[in-house]
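# Structure at a glance
Below are the chains, spelled out letter by letter.
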Amino acid sequence: MDTNIKTLGELKKSGYKPKSVKEEIRQNLITKLKQKEATFPGIIGYEDTVIPDTERALLSRHNILFLGLRGQAKTRMARQMVDLLDEYIPVVDGSEVNDDPFAPLSRFSRDLIAEKGDKTPIRWLHRTERYGEKLATPDVSVADLIGDIDPIKAANLKLNFADERVIHFGIIPRSNRGIFVINELPDLQARIQVSLFNILQEGDIQIRGFKVRMPLDILFIFTANPEDYTNRGSIVTPLKDRIESQIITHYPKNIENSLLITEQEADVHADQAKKVQISDMVKRLIEQVAFEARSSEYVDKKSGVSARLTIAAYENAVSAGERRAIINKEKDTQVRIGDLQAIIPAITGKIELVYEGEQEGPLQVAHNLLDKSIRSVFANYFPNPESFKKRKQTSPAENPYRTVIQWFDKGNQLQILQDLTDKQYETALSKVEGLRELVGERFPRASTKEAMLLMEFVLHGLSAHSLISKKILENETRFSDLLGTMMNFNLNAEEDMD
């Protein structure tokens, strides 16, 4: 359309024909599907599930409820629907409710058109202005959503309260001819949810006794966690019945998709990206933490584990490497396995624990999840230590970890401080007999930095499989003989009893 058109008369001559917002979205979606364009770019892991369901709902011109746990891109899906709207539409200039010049809803626009006819001024509304969003909270009122009588407007216009023009419209009428999203619908009080019935079904609104017939043209999108999530409330059944399509969202189903999401969403500073390298192995360890949390007996499954956990953890891991490089005045570094202690704050704040988890404590649960992640990923890079536990081996050829474990059995300990320089880090790891050889045999083409990281990973992996002991202190990780550690623990317990 020619956005230079400024009056209703010019608009009539142009041949413009208005469409409903749902028809508009339907036609633009059909065009994208025919041209094989991505309808929801940047949404990863929903290609065969949520996105096709959403496309079918939009083709059916349905209002939509996205139902799923936190951090499942429900709001992002809703916001991207703006791109399916026409770029510009004409509205009556000055209208509060984006009145269609050919079918005005408000008293203001009807009076203006009656007065000025074809000279009625119009303006062009960009699609980014046709999106409304409200986070449902217990204090949201009908006045916020629908509207109320405005005594100041009545006084200024010298109108009595029986005049329709004293109404101050809420956010929903102001979203007419656009998309309106209510996030966390169960948090909306039941009486407020009831006020949406007629808007969805009949197209009229009622404000303080005014029954205003306003067939609003809106695509409604609602988001919600499952109804049994905590005790915050639920969607009232009649409202749910009026929402035509309910689409179930989900977490990434595999590590590959999870990796892509984290890399896409993580806000890593440009200086960090230049200075700090993070290997694919460490990335996988971070992603595995979320998968372990979602299956943990200590974590509330009804609450879910948001994708924000791994995004925040990734950012913390990179920052841990950057901090060490700054302290040591090094130009570049890599994220080490020990740096993953820095992701603990990103875990503890993003998981809700069941009773057993509360007994363990969030810090201990986070450490357990990290150890489980290491245990799960370790088998992808090295032979599974479990397969050597019950067999009697006489040489490193039969048990590749034998030499390393024996070095600790002799009473040796290894302390890796968090802020070691890269040179000190290499020197410390090189003390462990058989460790460099083990990594060199499995990864002969690894660079020195990669080899150091893999050597540290072996120690954490053996600890996760209870073959050596690992103790996390404030600023260091200490590896030692498992049996010796148990003996010391028993001796300390006896001394405490004395």
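Refer to the preceding data block for the structure.
These lines cover the structure that appears in this document, whether it is placed above or below.

A separate point is the pairing of strand 3 (residues 122-126). Counting buried residues along strand 3, four of its five residues qualify, which places the element largely inside the surrounding structure. As paired elements, strand 2 (residues 88-92) and strand 3 share five bridges and run antiparallel to each other. For V91, the partnering residue across the bridge sits in strand 3 and is R123.

Relative to the 22 Å expected for 16 residues at 1.5 Å per residue, helix 14 (residues 280-295) spans 23 Å between its end C-alpha atoms, a close match to the ideal helical length. Counting buried positions along helix 14 yields twelve of 16 residues, so the element is predominantly enclosed. Turning to helix 14, the residues buried within the fold contact helix 12 (255-265), helix 15 (308-327), helix 16 (344-348), helix 18 (362-378) and helix 23 (448-464).

A full pass over the atoms with the stated rule returns 25 salt bridges. A salt bridge links E352 to R70, with the shortest nitrogen-to-oxygen separation between them at 3.5 Å. Here the residue E352 occupies a position in the loop between helix 16 and helix 17 (355-360), and R70 occupies one in the loop between strand 1 (64-67) and helix 4 (74-80), the gap between them amounting to 282 residues. Judged by its relative accessible area of 22%, R70 falls in the partly exposed class. For the salt bridge of K470 with D371, the shortest nitrogen-to-oxygen distance reads 3.0 Å. Taken together, the positions of K470 in strand 15 (residues 469-472) and D371 in helix 18 put the pair 99 residues apart, joining distant regions of the chain. Exposure remark for K470: the relative accessible area of 18% places this residue in the buried category. Through salt bridges with shared partners, a single network forms among E256, D280 and R284.

With that settled, consider the packing of helix 14 against helix 23. Where helix 14 meets helix 23, the closest approach of the two axes is 11 Å, and the angle between their N-to-C directions is 35°. Contact residues: M281, V282 and L285 in helix 14; L453, L454 and F457 in helix 23. A class-by-class count of the residues in the contact of helix 14 with helix 23 yields six nonpolar, no polar and no charged.

Further remarks concern the side chain of E24. In this structure, E24 sits in helix 2 (residues 21-34). Among the residues examined, E24 registers a relative accessible area of 2% and is labelled buried. At 2.8 Å, the side chain of E24 forms a polar contact with the backbone nitrogen of D86. Leaving out residues up to four positions away in the same chain, E24 has contacts with K19, L84, L85, D86, I89 and R130.

Here we have five strands laid out as an open sheet, ordered 4-7-10-1-11, and parallel in their pairing. Of all strands in the sheet, those bounded by a partner on one side alone are strand 4 (131-135) and strand 11 (245-248). When the angles between neighbouring strand axes are averaged without regard to direction, this sheet yields 15°. Both strand 4 and strand 7 (residues 178-183) contribute to a ladder of five bridges, which runs parallel. For L135, the partnering residue across the bridge sits in strand 7 and is N183. Strands in contact with helix 2 are strand 7 and strand 10 (218-224); relative to strand 10, the strand with the most contacts, it is inclined by about 80°. The sheet contacts of helix 3 (residues 50-59) involve strand 1, strand 10 and strand 11, and relative to strand 11 the element is tilted by about 170°.

Time to look at the sheet that holds strand 16 (residues 476-480). Here three strands make up an open sheet; going across it, the order is 14-16-15 and the pairing antiparallel. With partners counted over all chains shown, the strands left at the sheet margins are strand 14 (414-417) and strand 15, one partner each. Between one strand axis and the next, the sheet turns by 15° as a mean value, whatever way the strands run. Inspection of the sheet shows strand 14 paired to strand 16 by four bridges, in the antiparallel sense. Residue pairing for strand 16: L414 is matched across the bridge by F479. The strands that helix 23 touches are strand 14, strand 15 and strand 16; relative to strand 16, the one it contacts most, it runs at about 65°.

Below, the discussion takes up helix 15. Here helix 15 spans 28 Å end to end across 20 residues, near enough to the 28 Å set by a 1.5 Å rise per residue. At the exit of helix 15 stands K329, carrying a positive phi of roughly 55°.

Analysis parameters
Throughout, residues of each chain are indexed from 1 in the direction in which the sequence is written. Restriction of local features to residues with pLDDT of at least 70 applies here, the model being predicted, together with a cutoff of 80 or more for giving and counting side-chain atom pairs; totals for whole chains, interfaces and linings are based on all residues. Side-chain numbers come from the whole structure's heavy atoms, not from hydrogens or water. Burial classes: relative accessible area under 20% of the type maximum marks a residue as buried, over 50% as exposed, and values in between as partly exposed (1.4 Å probe, protein chains only). Put simply, DSSP H or I for four residues or longer makes a helix, DSSP E for two residues or longer makes a strand, and each gets a number counted from the N terminus. Only strands that DSSP links by at least two bridges are regarded as paired with each other. One less than the residue count of a helix, multiplied by 1.5 Å, gives the span that helix is expected to have. The criterion used for residue contact is that any of the two residues' heavy atoms lie within 4.5 Å. In the sections that follow, a salt bridge refers to a side-chain nitrogen of Lys or Arg positioned within 4 Å of a carboxyl oxygen of Asp or Glu. Each axis is a line fitted through C-alpha atoms, taken for helices only over the stretch in contact, and angles between the N-to-C directions span 0 to 180 degrees. Each residue receives one of three labels: charged for Asp, Glu, Lys and Arg, nonpolar for Ala, Val, Leu, Ile, Met, Phe, Trp, Tyr, Cys and Pro, and polar for the others, Gly being one of them. Whenever two N or O atoms come within 3.5 Å, that pair is a polar contact, provided that in protein one can donate a hydrogen and the other can accept it, and provided that, for residues adjacent in sequence, both atoms are side-chain atoms.

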